[in-house]
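# Working through the structure, step by step
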Amino acid sequence: MNNQISTAIQQIGHIVDAWIPMKIKYDKTPGISIAISHGGKIIYAKGFGFADVEHKQKAGADTLYHIASHSKMFTAVAIMKLVEEGNLRLDDHVSDYIDWFKAKTKHSDASHITVRQLLSHTAGVFRDGDTPHWENGKFPKDLKKSFSSKSLVIENLTTFKYTNYGYSLLGLVIEKASGMSYEEYVIKMILKPLGMKNTYVDYKKEIKHIATGYGSETPDQNRIVFNHYATNAYAPATGFVSNATDLIKFISSLSLNHNPLHVINRESVKEMSRPHAKTEDGDEYGLGLDINYLNGRKIIGHGGGFNGFITRTAFDTKNDIGVVVLTNTLDSNASRITDGLLDSIDMIINKSKDYSSHSKISYAKYEGIYRSVWGDSVISRIKDILISYGPKTNNPLKGAHRFIPTSSPHTFVMKSKYVYGSYDEEAVFTNFKNGKAQKLLEASMPLKRIA
């Protein structure tokens with residue numbers, strides 16, 4: 001099974017090479033970096049588009065991005081490490097570590113809030129404090145100045161309320177319990193043991209090879225170019241800077257499948273990935289981890305949104321597959337691409353017969369981008385058949401139609417679940433030049449190669 005999964009990822013990598021370059025053109029995404037792992041080993045890692053559009057700096061697998069709320073995973077692991085060391089307990093009161101964390105409302109009392117509640121976003125604390133730091137980039141250096149009874153928005157343990165401020169408080173808890181700065185503790189206990197040499201707790205001017213962040217494209221203005229800035233006291237919630245190949249190491253360390261990479265023990269990982277609160281649409285939250293379900297499989301990880309960056313990391317706990325998708329624009333589909341990659345890998349593993357023709361045809365002559373009056377189609381090989389899909393899709397195998405070889409040269413029968421299409425009709429590649437087909441006739445619809 002392990003070899004089958006790794007092979008499936010390699011096959012998806014071939015699809016990604018054709019799909020993502022077209023998708024980012026259609027979505028007008030500046031740059032994207034992707035990494036996929038299995039069993040703690042990186043199987044696929046590549047960048048597409050531009051880390052910096054103006055200077056034509058290409059994005060690679062090692063390009064750095066602001067990863068925002070991915071930071072919460074690191075903070076949660078640091079807390080669990082301190083629990084293992086006996087330096088704190090999850091149900092300790094936050095006020096035991098932060099002496100000024102004292103306030104009351106009619107229904108809330110800060111003295112009742114625990115470390116676990118902050119980790120699971122069930123403490124009822126306000127989301128982002130009382131300063132406009134997301135607008136002006138001036139993140140507070142002192143959390144105490146923002147704290148008052150107004151910070152206790154709802155009663156603890158009554159519902160899920162996402163809070164960057166709460167995770168920033170956890171940074172202070174870590175400092176008190178460890179006797180080290182938050183940055184020192186994370187570097188010593190997480191980054192160095194996992195070999196994460198290109199991950200930083202917060203932005204610093206000396207960091208090189210970091211992508212430029214771009215705003216959303218709107219009808220009345222071009223994309224905004226954001227400045228880089230440090231998040232200061234908010235680093236434990238949203239400050240980290242990293243790349244795809246480092247992040248894949250981190251998420252793989254949370255495997256329960258005897259992965260050699262780990263910094264916390266099995267019991268800690270189980271506690272982190274156990275549902276502690278309901279979020280929305282059937283999803284859940286553990287301790288520093290989003291929890292959702294894809295085709296019945298439990299997926300853990302986190303997303304991130306920073307000025308100019310949308311990112312996602314996900315880990316299939318059953319199949320030990322990690323996926324990281326990092327983008328440098330606010331209007332990207334990082335989460336949907338991540339889910340699409342996991343779903344596509346699953347389809348290859350569990351529906352392998354759908355992608356087998358036992359043909360020895362060399363498909364390179366057919367692969368490419370073809371255009372009709374209705375739009376563009378990407379023709380790619382998966383296993384030993386050809387498939388066709390639209391470049392804007394977030395899941396290249398879902399809805400793709402398959403080309404099954406016939407006895408006639410360059411002729412295939414199209415198979416599709418789309419009942420309004422030309423399924424069971426012929427597709428014929430013609431007009432070969434330099435060993436590649438230049439035209440494709442799908443039933444009665446002509447298409448011309450454009451790439």
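See the structure printed just above.
This section reports on the structure supplied with the text. None of the values given here were measured: they were computed from a predicted structure.

## Examining the packing of helix H1 (residues 2–27) against helix H10 (residues 334–350)
- Contact geometry of H1 with H10 gives a least axis separation of 9 Å together with a crossing angle of 135 degrees. In terms of orientation, H1 and H10 fall into the oblique class. The two elements H1 and H10 cross, and the hand of that crossing is right-handed. Here Gln-4, Ile-5, Ala-8, Ile-9, Gln-11, Ile-12, Val-16, Trp-19, Ile-20 and Lys-23 of H1 come into contact with H10, specifically with Ile-337, Leu-341, Ser-344, Ile-345, Ile-348 and Ile-349.
- Its residues placed into classes, the contact of H1 with H10 shows 12 nonpolar, 3 polar and 1 charged.

## Points about the sheet that holds strand S21 (residues 445–449)
- Spatial ordering of the closed barrel is given by S14-S15-S16-S17-S18-S19-S20-S21, a layout of 8 strands whose pairing is antiparallel. Strand after strand, the sheet turns through a mean of 30 degrees between neighbouring axes, direction not considered.
- Note: strand S20 (residues 436–442) against S21, 4 bridges, orientation antiparallel. Among the inter-strand pairings, Lys-439 is bridged to a residue of S21, identified as Lys-448.
- Contacts from H1 reach strand S14 (368–372), strand S15 (375–382) and strand S16 (385–389), with the element oriented near 165 degrees to S15.

## Description of the packing of helix H2 (residues 71–85) against helix H5 (residues 164–178)
- The interhelical angle for the contact between H2 and H5, taken along N-to-C directions, is 35 degrees, at an axis separation of 10 Å. Pair H2 / H5 crosses with left-handed handedness. Contacts between H2 and H5 involve Lys-72, Thr-75, Ala-76, Ala-78, Ile-79 and Leu-82 from the first element and Asn-164, Tyr-167, Leu-170, Val-173, Ile-174, Ala-177 and Ser-178 from the second.
- Residue classes in the contact of H2 with H5 are distributed as 9 nonpolar, 3 polar and 1 charged.

## A short note on the sheet that holds strand S13 (residues 321–327)
- The strand order across the open sheet built from 9 strands is S3-S2-S1-S13-S12-S11-S10-S9-S8, with neighbouring strands paired in antiparallel fashion. Pairing within the sheet leaves two strands with one partner each, and these edge strands are strand S3 (57–58) and strand S8 (277–278).

## Some thoughts on the layout of surface pockets
- Taken as a whole, the largest pocket holds about 630 Å³ of empty space.
- Residue lining of the largest pocket: 27 residues in total, with Ser-377, His-401, Tyr-418, Gly-421 and Glu-442 positioned closest to the centre.
- For the lining of the largest pocket, the secondary structure elements donating two or more residues are S15, S16 and S21.
- Considering each element in turn, the lining of the largest pocket owes the most residues, 3 residues, to S15.
- Taken together, the residues that form the lining of the largest pocket break down as 11 nonpolar, 13 polar and 3 charged.
- Around the second largest pocket sit 18 residues that line it, and Tyr-162, Thr-279, Glu-280, Asp-290 and Arg-312 are the ones nearest its centre.
- Among the elements of the structure, strand S9 (284–285), strand S10 (290–294) and strand S11 (297–306) are those that each provide at least two residues to the lining of the second largest pocket.
- Taken together, the residues of the lining of the second largest pocket break down into 4 nonpolar, 7 polar and 7 charged.

About the criteria used
Residues numbered from 1 in each chain as written. Predicted model: local features only at pLDDT ≥ 70, side-chain atom pairs only at ≥ 80, totals over all residues. Heavy atoms only, no water. Axes fitted to C-alpha atoms, helices over the stretch in contact; angles between N-to-C directions. Helix = DSSP H or I, 4+ residues; strand = E, 2+ residues; numbered from the N terminus. Parallel < 35°, antiparallel > 145°, perpendicular 65-115°, else oblique. Left-handed = near helix turned anticlockwise from the far one by under 90°. Contact = heavy atoms within 4.5 Å. Nonpolar A, V, L, I, M, F, W, Y, C, P; charged D, E, K, R; others polar. Pairing = 2+ DSSP bridges. 1 Å grid on protein atoms, 1.4 Å probe; cavity = no way out; pocket = protein on both sides within 12 Å on 5 of 7 lines; lining within 4 Å. Points joined across faces, edges and corners; volume = space filled by probe spheres on them.

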